[in-house]
Amino acid sequence: MAAHLSYGRVNLNVLREAVRRELREFLDKCAGSKAIVWDEYLTGPFGLIAQYSLLKEHEVEKMFTLKGSRLPAADVKNIIFFVRPRLELMDIIAENVLSEDRRGPTRDFHILFVPRRSLLCEQRLKDLGVLGSFIHRDEYSLDLIPFDGDLLSMESEGAFKECYLESDQTSLYHAAKGLMTMQALYGTIPQIFGKGECARQVANMMIRMKREFTGSQNSIFPVFDNLLLLDRNVDLLTPLATQLTYEGLIDEIYGIQNSYVKLPPEKFAPKKQGDGGKELPTEAKKLQLNSAEELYAEIRDKNFNAVGSVLSKKAKVISAAFEERHNAKTVGEIKQFVSQLPHMQAARGSLANHTSIAELIKDVTTSEDFFDKLTAEQEFMSGVDTDKVNSYIEDCIAQKHPLIKVLRLVCLQSVCNSGLKQKVLDYYKREILQTYGYEHILTLYNLEKVGLLKPQTGGRNNYPTIRKTLRLWMDDVNEQNPTDISYVYSGYAPLSVRLAQLLSRPGWRSIEEVLRILPGPHFEERQPLPTGLQKKRQPGENRVTLIFFLGGVTFAEIAALRFLSQLEDGGTEYVIATTKLMNGASWIESLMEKPF
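Please read these numbers as outputs of a predicted model, since none were measured by experiment.

Glancing now at the sheet that holds strand E5 (residues 134–139). Pairing is parallel across the open sheet formed by five strands, whose spatial order is E2-E1-E3-E4-E5. Sheet topology places strand E2 (60–65) and E5 at the edges, where each strand pairs with a single neighbour. Shown here is a sheet whose adjacent strand axes are inclined to one another by a mean of 20°, direction ignored. Bridge analysis of strand E3 (residues 78–83) against strand E4 (residues 108–113) gives six bridges, and the strand direction is parallel. Residue pairing for E4: Ile80 is matched across the bridge by His110.

What follows deals with helix H12 (residues 331–365). Here H12 spans 50 Å end to end across 35 residues, near enough to the 51 Å set by a 1.5 Å rise per residue. The largest bend in H12 comes to about 40°, at Leu341, with the proline Pro342 one to four residues further on. Within H12, the full set of buried residues consists of Phe337, Met344, Ser350, Leu351, Asn353, His354, Ser356, Ile357, Ala358, Leu360 and Ile361. Residues of H12 that are buried sit in contact with helix H9 (246–253), strand E11 (260–263), strand E12 (285–288), helix H10 (294–299) and helix H11 (307–323).

Right, let's get into the nonpolar core. Formed by 167 residues in total, the largest nonpolar core has its most connected members in Phe46, Phe82, Leu229, Leu452, Leu499 and Phe548. Once residues within four sequence positions are removed from consideration, Leu499 is found in contact with Leu230, Val234, Leu470, Trp508, Ile511, Leu515 and Leu518. One finds Ile79, Val83, Met90 and Val97 within the second-largest nonpolar core, a separate group that totals 23 residues.

A few words on the packing of aromatic side chains. The tally for this structure, following the rule as stated, stands at 15 aromatic pairs. Among the aromatic residues, those joined into a ring-pair cluster are Trp38, Phe46, Phe82 and Tyr140. Here the basic side chain of Lys286 rests over the ring of Tyr260, its NZ or CZ set 4.8 Å away from the ring centre.

With that out of the way, let us pick up the packing of helix H7 (residues 170–186) against helix H8 (residues 197–212). Helix-helix packing is described using two parameters, namely the angle between the two axes and the distance between the axes. Remark: H7 packs on H8, axes separated minimally by 9 Å, with the N-to-C direction vectors making an angle of 50°. It follows from the interaxial angle that H7 and H8 lie oblique. Remark: the crossing between H7 and H8 carries right-handed chirality. Residues Leu172, Tyr173, Ala176, Lys177, Leu179, Met180 and Gln183 of H7 lie in contact with H8, whose contacting residues are Cys198, Gln201, Val202, Met205, Met206, Met209 and Lys210. Here the residues of the contact of H7 with H8 are counted per class, giving ten nonpolar, two polar and two charged.

As a further point, take the packing of helix H15 (residues 403–415) against helix H16 (residues 422–436). Direction vectors running N to C along H15 and H16 enclose 175°, while the axes themselves pass 12 Å from each other. Comparing their axes, H16 and H15 come out roughly antiparallel. The segment H15 lies against H16, with Leu403, Val406, Leu407, Val410 and Gln413 engaging Tyr428, Ile432 and Tyr436. Its residues placed into classes, the contact of H15 with H16 shows seven nonpolar, one polar and no charged.

Taken together, Glu25, Asp28, Glu59, Glu61 and Asp75 make up a surface patch of like negative charges. Looking at where Asp28 falls in the secondary structure, it is placed in helix H1 (residues 13–29). Taking the relative accessible area as the measure of exposure, Asp28 reaches 48% and is therefore partly exposed.

Quick look at the pattern of salt bridges now. What the rule picks out here adds up to 36 salt bridges. A salt bridge links Glu247 to Arg562, with the shortest nitrogen-to-oxygen separation between them at 3.9 Å. Of this pair, Glu247 sits in helix H9 while Arg562 sits in helix H21 (residues 555–566), and the two are 315 residues apart along the sequence. Lys405 is the salt-bridge partner of Asp369, the closest N and O atoms lying 2.6 Å from each other. One end of the pair, Asp369, is in helix H13 (residues 368–381); the other, Lys405, is in helix H15, and 36 residues separate them in sequence. Residue classification places Asp369 among the partly exposed positions, given a relative accessible area of 31%. Accessibility expressed as a relative area gives 16% for Lys405, which makes it buried. If you follow the salt bridges from partner to partner, you end up with Asp148, Asp150, Glu247, Arg300, Asp301 and Arg562 in one network.

Our next topic: the sheet that holds strand E8 (residues 191–195). Read across the sheet, seven strands follow the order E6-E7-E15-E14-E9-E8-E13 without closing on themselves; strand pairing throughout is mixed. Each edge of the open sheet is held by one strand with a lone partner, namely strand E6 (145–148) and strand E13 (522–526). Within this sheet the neighbouring strands show an average axis-to-axis angle of 20°, counted without direction. Pairing geometry for strand E9 (residues 226–231) and strand E14 (residues 543–550), over six bridges, is parallel. Residue Leu228 lies in a different strand from E14, and its bridge partner there is Ile547. Packed onto the sheet, H21 meets E6, strand E7 (151–153), E14 and strand E15 (572–578) and runs at close to 160° relative to E15.

Domain assignment breaks the protein chain into domain 1 (3–142), domain 2 (147–237 + 496–588), domain 3 (246–256 + 284–366) and domain 4 (369–461). For domain 3 versus domain 4, the separation of C-alpha centres amounts to 40 Å.

Before going further, it helps to examine the state of the cysteines. A complete count under the given rule lists zero disulfides for this structure. Left without a disulfide partner, Cys30 is nearest to the cysteine sulfur of Cys121, which lies 19 Å away. For Cys30, a relative accessible area of 1% corresponds to the buried category. The thiol of Cys163 is unpaired, and the distance to the nearest cysteine sulfur, on Cys198, comes to 4.4 Å. Overall, Cys163 belongs to the buried group, its relative accessible area being 15%.

What counts as what
Each chain has its residues counted from 1, following the order in which its sequence is written. For a predicted model such as this one, the threshold for reporting local features is a pLDDT of at least 70, and the threshold for listing and counting side-chain atom pairs is 80 or more; totals across whole chains, interfaces and linings nevertheless cover every residue. Note that water and hydrogens are dropped before the side-chain values are worked out from all heavy atoms of the structure. We treat two strands as partners when DSSP finds at least two bridges between them. By definition, any uninterrupted DSSP run of H or I lasting at least four residues is a helix, any uninterrupted run of E lasting at least two residues is a strand, and each is numbered from the N terminus. Whenever a helix is involved, its axis is fitted only over the stretch in contact; in every case the axis is a line through C-alpha atoms, and angles between N-to-C directions fall within 0 to 180 degrees. Helix span is expected to be 1.5 Å times the residue number reduced by one. For a residue, the bend is simply the angle between two axes, fitted respectively to the seven-residue segment ending there and the seven-residue segment starting there. Relative accessibility under 20% of the residue-type maximum defines a buried residue, over 50% an exposed one, and the middle range a partly exposed one, all with a 1.4 Å probe and only protein chains included. Any two residues having at least one pair of non-hydrogen atoms within 4.5 Å are treated as being in contact. By nonpolar core we mean a set of buried residues, namely Ala, Val, Leu, Ile, Met, Phe, Trp, Tyr and Cys, connected to one another through side-chain atoms within 4.5 Å. Working definition: a ring pair exists when centres of Phe, Tyr or Trp rings (six-membered ring for Trp) sit within 6.5 Å. Plane angles under 30 degrees give stacked, over 60 give edge-to-face, the rest tilted. Ring-over charges, as used throughout, are those where CZ of Arg or NZ of Lys falls within 6 Å of the ring centre and within 35 degrees of the ring normal. Orientation is classified from the angle alone, with under 35 degrees giving roughly parallel, over 145 giving roughly antiparallel, 65 to 115 giving roughly perpendicular, and any other angle giving oblique. Whether a crossing is left-handed or right-handed is set by the direction in which the near helix is turned from the far one by less than a right angle, anticlockwise for left-handed and clockwise for right-handed. In this classification, the charged set is Asp, Glu, Lys and Arg, the nonpolar set is Ala, Val, Leu, Ile, Met, Phe, Trp, Tyr, Cys and Pro, and all remaining amino acids, among them Gly, are polar. Each patch is built from salt-bridge-free residues with over 30% relative accessible area, joining like charges within 9 Å and nonpolar side chains (Val, Leu, Ile, Met, Phe, Trp, Tyr) within 5 Å. For every accessible area listed, the method is Shrake-Rupley and the probe measures 1.4 Å; residues are considered covered only by the protein chains on display. Each reported salt bridge corresponds to a side-chain nitrogen of Lys or Arg within 4 Å of a carboxyl oxygen of Asp or Glu. Charged residues are defined here as Lys and Arg on the positive side and Asp and Glu on the negative side; His and the ends of the chain fall outside this count. Here the site of a charge means NZ on Lys, CZ on Arg, CG on Asp, or CD on Glu. Throughout the structure description, domain borders are defined by an automatic or database domain assignment. What counts as a disulfide here is a pair of cysteine sulfur atoms lying within 2.5 Å.

Here it is as structure tokens:
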């Protein structure tokens with residue numbers, strides 16, 4: 001059991017156990033010793049549901065990364081390939097299998113597609129002459145992976161690009177399948193709300209899947225009251241802005257992958273006297289970040305400006321606790337102190353780590369360039385000079401700052417102006433292509449196609465209407481003791497989260513005009529429950545809403561939703577699901593065309 005998955009209203013260990021059981025059943029099908037050959041991208045997500053110890057219990061003796069040519073030597077009976085259904089991976093698998101066949105004693109080959117089998121991939125294996133070598137060809141439906149007690153992700157890195165650029169709905173089908181699994185484990189969700197084209201399609205797929213399974217009536221008492229499906233392109237603005245929560249900034253600066261972060265090691269080297277700082281470690285410090293760690297759970301969603309005071313208070317509490325040992329006089333008191341020691345030492349280690357991380361982040365946030373970038377972003381979001389060429393963006397291009405940073409700012413300006421005037425857009429494009437190279441013309445085309453960087457049509461800027469109606473910009477933000485979700489961006493309230501907040505109270509009827517301006521349909525569906533399963537809410541009991549971001553979500557949005565869940569009179573607790581945990585940089589990068 002993973003304790004951090006069961007602290008909320010919804011015990012996500014139930015889901016984790018279900019996917020672990022399915023994995024064990026597959027491994028037991030392949031009797032005898034085993035070697036697993038991993039598609040490298042899957043190792044991170046798999047690590048969240050099954051450690052090596054679980055695989056070892058089922059006779060997994062060796063693990064390799066999927067690479068061309070021959071597999072490393074392994075004295076095992078079964079070789080299992082764990083792969084995503086990608087054609088380019090099939091070519092590598094065929095190469096591995098053919099070189100094994102030439103090597104001598106025959107092995108049993110198996111292939112496990114994650115999350116779905118693919119006819120195209122099987123056809124490719126057949127064309128390469130190896131399909132018959134596989135005894136088991138199965139699929140492992142790892143759609144939603146529990147990351148934390150209130151957070152699930154599909155970790156489908158191409159979902160946004162596939163949906164909005166390539167009109168490929170595969171990831172939407174996987175999202176619908178994942179939601180059906182959730183309903184099988186946690187009961188039918190009585191009400192579905194949604195906004196956006198992809199949200200409509202996922203809801204339609206769910207309704208169709210439910211119709212196809214009419215025979216099996218779900219008799220589990222529903223845990224969720226509502227499901228809210230939100231398209232990422234309903235709110236293109238939020239991921240482009242720099243996140244200002246502790247967890248958001250760690251992700252912006254270092255990148256959090258499958259709840260792990262790699263940090264520069266020199267900050268974490270133990271300081272010894274008379275060492276002269278020789279032999280600093282060279283390997284990055286890898287830390288796991290989730291709410292299993294008490295201190296991290298407390299500070300992860302705070303605005304970074306409020307983190308320092310929490311850390312210094314904690315330091316005082318911990319040193320006072322260690323001082324207690326001098327007051328322990330009797331055997332009983334000493335025994336009690338010793339029993340608390342492991343917890344206190346863990347707390348001290350945790351504090352040291354987060355103090356080091358906070359120092360690393362502070363080096364970035366106190367730099368002049370960070371301040372200039374933030375000023376430009378906040379001017380755009382509050383509606384200042386969004387219709388003319390921005391001098392800070394010009395300077396960034398002239399000094400050849402990283403292209404992703406420039407694109408992010410230009411896209412932010414475009415979104416905050418409902419598109420740029422043609423001559424401003426042409427000027428930016430020309431400057432970017434002349435400075436960074438003409439191969440990026442395809443990237444600019446992609447950004448235009450998904451609506452991030454586009455000319456203003458109809459000559460009207462709708463953003464001020466949306467900003468005022470939804471109160472997206474707040475001038476007086478209390479970062480230390482926030483009263484509104486806008487604290488996560490020090491002034492800007494994430495549009496996506498504001499929509500969720502208004503749906504919960506007073507309902508979307510109050511913002512019909514804005515919903516019509518935002519892209520895609522908005523809808524509501526009811527799923528009838530069998531008699532006896534209708535929920536009677538106790539007075540003071542909060543509703544539980546599962547909110548699914550189709551196309552990705554940022555840590556700042558997650559922090560804002562957690563803030564709403566914790567409000568005394570909020571009335572709603574949120575569990576968050578998404579196709580991918582992302583930030584502005586990884587999002588823009590996923591839309592860039594790699595130069596040949």
